[in-house]
Amino acid sequence: MKPSVSVVIPTIGRSSLEAAVRSALAQTYAVSEVIVVVDSDVEPVVPEDDRVTVVRTGGGAGSSRARQLGIDKSVGDVIGLLDDDDVWLPNKLDVQLSSVPQDSALWIASCRFRTITADGGSEWPVRLIGLHQPVDQYLVRFHSLKFGGASAQTSTLLFPREIAETVPMDLPLGAVHDDPSWLIDVRRRLPAVPIVQSGEVLVEYDMTSASLSRTDTDQSAEYIQWGKKYLASSDRRTRGDYFLTSPLSSAISGRSMRGVIRSFVAGVRYGRPGKWAWGFALASTVRLALMKAVGIFAQLTKR
């Protein structure tokens, strides 16, 4: 018997929501329902379809708890997550459901996605996760000077509802790394669950300025606290690579030299970064120093 699929989309009412919902309704593997979880006081614009249900959090719950509310309200055997500024390609569910192990009741499916950016975008992730590879090592360890290479983006995730019942999504509004946090918790509490990541691009991921997931503020302190909590049991290489990349990147985005120093200190104190993480951190720091120097020079020439 084919499993029924419920799609959960948290939203604060962005105009892109309608396209996201339509992409779920247009799947070649028909979905049973689309649960739109509104985390604000707006009236969302959604297609007229009997499969679409709108529920409300009361506001301020955050995307993680909004997703869990949608899962709790859903009836499908399988849950598909979709952000309100992303879209699924029509064959996403067909490809993913045909790729999961038939001898395993529990699994998580992901896939490659295409980023939508102002300068064109690209396809991610470069490296696919192994079936039973530790999520922290896959997402955090650096294998080149280029930031990233690994990802299990929210809108790619598909899994039996039992997983979210066993390991609920419960991070508050403003929490960093909500998707990695949940995946790390699932891997540690359900180590036998395979993660199957398709090499086919099945999602388009919005990374333009309109996307709320992008920020230019320095959140390095919050990222460091996350690393101390979620990577406490990880090996020193994994912790070191994390502190010299993710928190440091946030500091660079916020043009905060204090945040950069904070990230270097955390990397040395709590981990043992690999050579690629050191290279990335040093190159990023030089870039920030140059940006600041250019800014100072521009101010002086105006006087």
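Throughout what follows, the structure given in this document is the object of discussion. (Residues numbered from 1 in each chain as written. Predicted model: local features only at pLDDT ≥ 70, side-chain atom pairs only at ≥ 80, totals over all residues. Heavy atoms only, no water.)

**Regarding the overall build of the protein chain**
Scanning the protein chain for helices and strands turns up eleven helices and nine strands. In summary, the protein chain has a C-alpha radius of gyration of 20 Å against a globular reference of 19 Å for 303 residues, a match within 12%. Taking the principal axes of its C-alpha atoms as reference, the protein chain extends roughly 65 × 45 × 35 Å. Burial status across the protein chain gives 50% buried among its 303 residues. Contacts spanning at least 24 positions in sequence make up 75% of the contacts within the protein chain whose residues lie at least 6 apart. Carbon together with sulfur atoms contributes 55% to the accessible area of the protein chain, which is approximately 14300 Å² in total. (Helix = DSSP H or I, 4+ residues; strand = E, 2+ residues; numbered from the N terminus. Rg over C-alpha atoms; globule rule 2.2 N^0.38 Å. Buried < 20%, exposed > 50% of the residue type's maximum accessible area, 1.4 Å probe, protein only. Contact = heavy atoms within 4.5 Å. Areas by Shrake-Rupley, 256 points an atom, 1.4 Å probe, with all protein chains shown as cover.)

**Observations concerning the nonpolar core**
Formed by 39 residues in total, the largest nonpolar core has its most connected members in Ile108, Phe159, Ile163 and Trp182. Other than its neighbours up to four places away in sequence, Trp182 contacts Ile108, Leu157, Phe159, Ile163, Ala164, Val167, Pro168 and Met169. In terms of nonpolar packing, the next biggest core, distinct from the first, is built from 30 residues, Val5, Val100, Cys111 and Val203 among them. (Core = buried A, V, L, I, M, F, W, Y, C linked by side-chain atoms within 4.5 Å.)

**Some details on unusual backbone geometry**
Note that the residue after Trp124, namely Pro125, is joined by a cis bond; omega there is -5 degrees. By the element assignment, Pro125 lies in the loop between strand 7 (123-124) and helix 4 (135-140). We note that His177 has phi near 55 degrees; this positive angle belongs to a residue other than glycine. Tracing the chain through its elements places His177 in the loop between helix 5 (161-166) and helix 6 (178-189). One non-glycine residue, Arg255, lies in positive phi territory at about 50 degrees. With respect to the helices and strands, the residue Arg255 is situated in the loop between helix 9 (246-253) and helix 10 (257-270).

**Notes on the pattern of salt bridges**
For the structure shown, the criterion picks out 16 salt bridges. Across the pair Arg14 and Asp84 runs a salt bridge whose closest N-O atoms are separated by 2.5 Å. With Arg14 in the loop between strand 1 (5-11) and helix 1 (17-25) and Asp84 in the loop between strand 4 (78-81) and strand 5 (87-88), this pair connects stretches of sequence that are 70 residues apart. Put simply, Glu204 and Arg114 hold a salt bridge, and the shortest N to O gap is 3.4 Å. In this pair, Glu204 sits in strand 9 (residues 195-206) while Arg114 sits in strand 6 (residues 108-116), placing the two residues 90 residues apart along the sequence. (Salt bridge = Lys/Arg side-chain N within 4 Å of Asp/Glu carboxyl O.)

**What about helix 9?**
Each α-helix winds once per 3.6 residues, and so residues spaced three or four apart point in a common direction. For helix 9, the tally of buried residues reaches seven of eight residues, placing the bulk of the element in the interior. Along helix 9, the residues that are buried comprise Ser246, Pro247, Leu248, Ser249, Ser250, Ala251 and Ile252. Looking one or two residues past helix 9, Arg255 carries a phi angle of roughly 50 degrees, positive in sign.

**Details of the environment of Ala283**
Within the fold, Ala283 resides in helix 11 (residues 275-302). Sequence separation of Ala283 and Leu145 is 138 residues, and the distance between their C-alpha atoms is 8.7 Å.

**Re the packing of aromatic side chains**
Applying the stated criterion across every chain yields a total of eight aromatic pairs. Connected via pairs of aromatic rings, a cluster forms that spans Trp226, Tyr230, Tyr242, Phe243 and Tyr270. Positioned above the aromatic ring of Tyr29, the side-chain terminus of Lys2 is 4.4 Å from the ring centre. (Phe/Tyr/Trp six-rings, centres within 6.5 Å; stacked < 30°, edge-to-face > 60°. Lys NZ or Arg CZ within 6 Å of the ring centre and 35° of its normal.)

**Considerations on a nonpolar patch on the surface**
Residues Val268, Trp278 and Leu282 make up a contiguous nonpolar surface patch of roughly 270 Å² in combined accessible area. Looking at where Trp278 falls in the secondary structure, it is placed in helix 11. Judged by its relative accessible area of 30%, Trp278 is partly exposed. (Patch = residues over 30% accessible without salt bridge, like charges linked within 9 Å, V, L, I, M, F, W, Y side chains within 5 Å.)

**Considering the side chain of Lys92**
Within the secondary structure layout, Lys92 lies in helix 3 (residues 92-99). No salt bridge is formed by the buried Lys92. Its closest oppositely charged neighbour is Asp86, at 10 Å. In this structure, Lys92 is in contact with Gln27, Ser155, Thr156, Leu157, Leu158, Leu202 and Val203, ignoring residues within four places of it in sequence. (Lys, Arg positive; Asp, Glu negative; His and termini not counted.)

**Topic: the pairing of strand 4**
In strand 4, alternate side chains face the same way, and those of Val78 and Gly80 on one face and Ile79 and Leu81 on the other are all buried. One ladder, built from three bridges, connects strand 4 with strand 8 (residues 158-160); its direction is antiparallel. Counted as the bridge partner of Ile79 is Phe159 from strand 8. (Pairing = 2+ DSSP bridges.)

**Here's the deal with the environment of Tyr270**
Take Tyr270: it is sitting in helix 10. With relative accessibility at 25%, the residue Tyr270 sits in the partly exposed group. It is 7.1 Å that separates the C-alpha atoms of Tyr270 and Arg236, two residues lying 34 residues apart in sequence. Once residues within four sequence positions are removed from consideration, Tyr270 is found in contact with Lys228, Arg236, Arg239 and Phe243.

**Digging into the pairing of strand 2 (residues 33-38)**
Of all the six residues making up strand 2, six are buried; the element is thus mostly covered by neighbouring parts of the structure. Where burial is concerned, the two faces of strand 2 agree: the one with Glu33, Ile35 and Val37 and the one with Val34, Val36 and Val38 are both buried. Where strand 1 meets strand 2, six bridges bridge the pair, whose relative direction is parallel. Residue pairing across strands places Thr11 opposite Val38, the latter belonging to strand 2. Taken together, strand 1, helix 1 and strand 2 constitute a β-α-β crossover, and its handedness is right-handed. (Right-handed = clockwise from strand over helix to strand, strands pointing away.)

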